[in-house]
Amino acid sequence: MIQRALQPGIEKFLKAFPAIVVLGPRQVGKTTLVKLIAKKSKSKTLYLDLEKHSDFEKLNRDAEEYLLSYMNECVLIDEVQRMPKLFPLLRAVIDEKRKPGRFIVTGSASPDLLKGASESLAGRVAYFYLHPIGLHELPANISLKKHWFRGGFPQPLTMRNAQLLQGWLDSFITTYIEKDLPQLFDIRFSSATMRKLWSMLAHLQGGILNAEKLGNSLDITGTTVKRYLDYLEGAFIITRLQPFFVNLGKRLVKAPKLYINDSGILHHLLRLENEKEIQHHPGAGASWEGYVISQVMYAKETRLDMYYYRTQAGAECDLVLARGHLVKACVEIKLSNAPVVSKGLYHSVADLKCKNNFVVCTADIDYKTKEGVRIVGITTFIKKYLPSL
């Protein structure tokens, strides 16, 4: 089993907070991780899977009485979004006996879209986000190319049979569209339209969002497109990378850029069947850009925010890393073994007055240009330079 970087942090906070909530997409390994943590703690535990009818009914009948009868045990509640009414109840049960490690809860949707989650458990819970397996967690027997092609979900990443890999990814996408999204957010939509949207997003990887244009292609309104994107982002499938705004008197591009987070899902939607096919595909550069963006997102500290920067005058930076309004790094992403720094990056560096500037590429290299831009491979950037920002 691949060791998850999040585990030590969860174990630490479990000793201080009454409840821990682990959020992440389906099939990412949340249940495996929390069961491992509970077993390691050697506390007496009760496990409830709200996707099992029997466990759901245990809490649906009288959740308060049921949970109060397990006040001295650590209760693991899986897929909590299936029962939003639990959030205010958990607050009351925690306040009855406020001690660390009473609840470990998992969910497959952002707390912003889970009714009552944020306000009900404020001050009583520590939130953790379990992303697909990142480059910083990768064992030595899995190569960078394999990780880029297959993505970070544990099952497809470790499968030996390529045919099974494609079957798993197809099943994952179908289940998300036909079952998981409607269940997660209590919504109804055309499955055909949502599937077409996923396919279009794959071909728009790294592009600027134009909701009206996308809506016209799908025969729905731009407002509906944005709502669908809210659901996909809330389920951790996509990221809308926002532009970095500064008062520079410049005309800035202000719409977000769109990325499918997992490169394995992206490549399946692009109908790519093996690693060799990526290099010759017209979407290779966008795929690599999205891969780097996702790896930074998985490995960075929570307080480090991610943006892009682009002006109408031609300044362009693929990734801006900032703490508040303070720019910590400008990053250009290149699918190349011998990258050349673009004029757009130099203009961005001048606009943002940033001292830490990088070109992240596929090669295993690490050096500075005479202008002070560091040319570095993705693995070295993630493991050596990102933690210091």
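As a starting point, this report considers the structure included with it. For every chain, the first residue of the written sequence is number 1, and numbering continues from 1 onward in sequence order. Only residues with pLDDT of at least 70 get local features here, since the model is predicted, and only at 80 or more are side-chain atom pairs given and counted; chain-wide, interface and lining totals rely on the full set of residues. Water and hydrogen atoms play no part in the side-chain values, which are based on all heavy atoms of the structure.

Examining a negative patch on the surface
Then, number 1: For patch building, the residue pool is restricted to those with more than 30% relative accessible area and no salt bridge; the joining distance is 9 Å between like charges and 5 Å between nonpolar side chains (Val, Leu, Ile, Met, Phe, Trp, Tyr). All accessible areas in this document rest on Shrake-Rupley with a 1.4 Å probe, and a residue is counted as covered only by the protein chains that are shown. The working definition used for a salt bridge is a side-chain nitrogen of Lys or Arg within 4 Å of a carboxyl oxygen of Asp or Glu. Charged residues are defined narrowly, with Lys and Arg counted positive, Asp and Glu counted negative, and His plus the chain ends left uncounted. Charge positions come from single atoms, namely NZ of Lys, CZ of Arg, CG of Asp or CD of Glu. On the surface, a cluster of negative charge is contributed by Asp62, Glu64, Glu65 and Glu96.
Then, number 2: When residues of the negative patch are assigned to their parent elements, the largest contribution, three residues, is made by helix α3 (residues 53-68).
Then, number 3: Locating Glu96 in the fold gives a position in helix α4 (residues 86-96).
Then, number 4: Exposure classes here rest on a 1.4 Å probe applied to the protein chains alone. A residue is buried below 20% of its type maximum, exposed above 50%, and partly exposed in between. Residue classification places Glu96 among the exposed positions, given a relative accessible area of 55%. Labels follow the DSSP assignment, with helices taken as runs of H or I lasting at least four residues and strands as runs of E lasting at least two, numbered in each case from the N terminus.

Quick word on the sheet that holds strand β3 (residues 74-78)
Then, number 1: Strands pair, by our definition, only if DSSP identifies at least two bridges between them. Overall, parallel pairing links the five strands, which are arranged β2-β3-β4-β1-β5 in an open sheet. Across the chains shown, the open sheet's two edge strands, defined by having one partner strand only, are β2 (45-49) and β5 (125-129). Taken over all neighbouring pairs, the strand axes of this sheet differ in orientation by 15° on average, direction set aside.
Then, number 2: Sheet analysis places β3 next to strand β4 (residues 103-107), joined by three bridges and oriented parallel. Bridge pairing links Val75 to Phe103 in β4.
Then, number 3: Lying on the sheet, α4 is in contact with β1 (19-23), β3 and β4; it crosses β4 at an angle near 170°. Axis definition: a line fitted to C-alpha atoms, over the contacting stretch in the case of helices. Angles run 0 to 180 degrees between N-to-C directions. Contacts are residue-level and defined by heavy atoms, with any inter-residue pair within 4.5 Å sufficient.

A word on the packing of aromatic side chains
Then, number 1: For Phe, Tyr and Trp, rings pair up if their centres lie within 6.5 Å, where Trp contributes its six-membered ring, and each pair is then called stacked (planes under 30 degrees apart), edge-to-face (over 60) or tilted (otherwise). Scanning all chains against the criterion turns up 16 aromatic pairs.
Then, number 2: Aromatic side chains Trp148 and Tyr291 sit 6.4 Å apart centroid to centroid with 40° between the ring planes, which places their arrangement in the tilted category. Of this pair, Trp148 sits in helix α6 (residues 144-150) while Tyr291 is found in helix α14 (residues 284-299), placing the two residues 143 residues apart along the sequence. In this structure, Trp148 and Tyr291 share a single accessibility class: buried.

Focus: unusual backbone geometry
Then, number 1: Its identity as a non-glycine residue notwithstanding, Arg271 has a phi of 65°, on the positive side.
Then, number 2: Assignment of secondary structure puts Arg271 in the loop between α12 (263-269) and α13 (275-279).
Then, number 3: Judged by its relative accessible area of 61%, Arg271 falls in the exposed class.
Then, number 4: Phi angles above zero are rare outside glycine, and Lys353 is one such case at about 50°.
Then, number 5: Here Lys353 lies in the loop between α15 (343-352) and β11 (357-361).

A closer look at α3
Then, number 1: Each helix should span, by expectation, one fewer than its residue count multiplied by 1.5 Å. Taking 1.5 Å per residue as the helical rise, α3 with its 16 residues ought to reach 22 Å, and the 21 Å between its terminal C-alpha atoms agrees with that figure.
Then, number 2: At Asp62, α3 shows its largest kink, close to 115°.
Then, number 3: Within α3, the full set of buried residues consists of Asp55, Phe56, Leu59, Ala63, Tyr66 and Leu67.
Then, number 4: Packed against the buried residues of α3 are β2, β3, α4 and β4. Two axes are fitted around each residue, one to the seven residues ending there and one to the seven starting there, and the angle between them is reported as the bend at that residue.

Quick notes on the packing of helix α9 (residues 191-203) against helix α11 (residues 222-234)
How two helices sit against one another is set out by the angle between their axes and by the gap between those axes.
Then, number 1: At a closest axis distance of 12 Å, the pairing of α9 and α11 adopts a crossing angle of 75°. Classed by the angle they form, the pair α9 and α11 counts as roughly perpendicular. Within the contact between the two elements, α9 uses Thr193, Met194, Leu197, Trp198 and Leu201 and α11 uses Tyr228, Leu229 and Leu232.
Then, number 2: For this classification, Asp, Glu, Lys and Arg are treated as charged, while Ala, Val, Leu, Ile, Met, Phe, Trp, Tyr, Cys and Pro are nonpolar and the rest, including Gly, are polar. Residues that form the contact of α9 with α11 fall into these classes: seven nonpolar, one polar and no charged. For this classification, under 35 degrees means roughly parallel, over 145 means roughly antiparallel, 65 to 115 means roughly perpendicular, and everything else is oblique.

Thoughts on the sheet that holds strand β9 (residues 316-323)
For sheets, the rule is that strands pair by backbone hydrogen bonds, running either parallel or antiparallel.
Then, number 1: With mixed pairing, the six strands of this open sheet are ordered in space as β8-β9-β10-β11-β13-β12. Strand pairing shows two members of the sheet lacking a second neighbour, β8 (305-310) and β12 (366-368), which therefore form its edges. Strand-to-strand twist of the sheet, defined as the mean angle between neighbouring strand axes without regard to direction, takes the value 30°.
Then, number 2: Where β9 lies against strand β10 (residues 326-333), five bridges are found, and the strand directions are antiparallel. Opposite Leu319, over in β10, you have Val331 as the bridge partner.
Then, number 3: Packing against the sheet, helix α16 (residues 378-385) makes contact with β9, β10, β11, β12 and β13 (374-377), and its axis sits at approximately 105° to β13.

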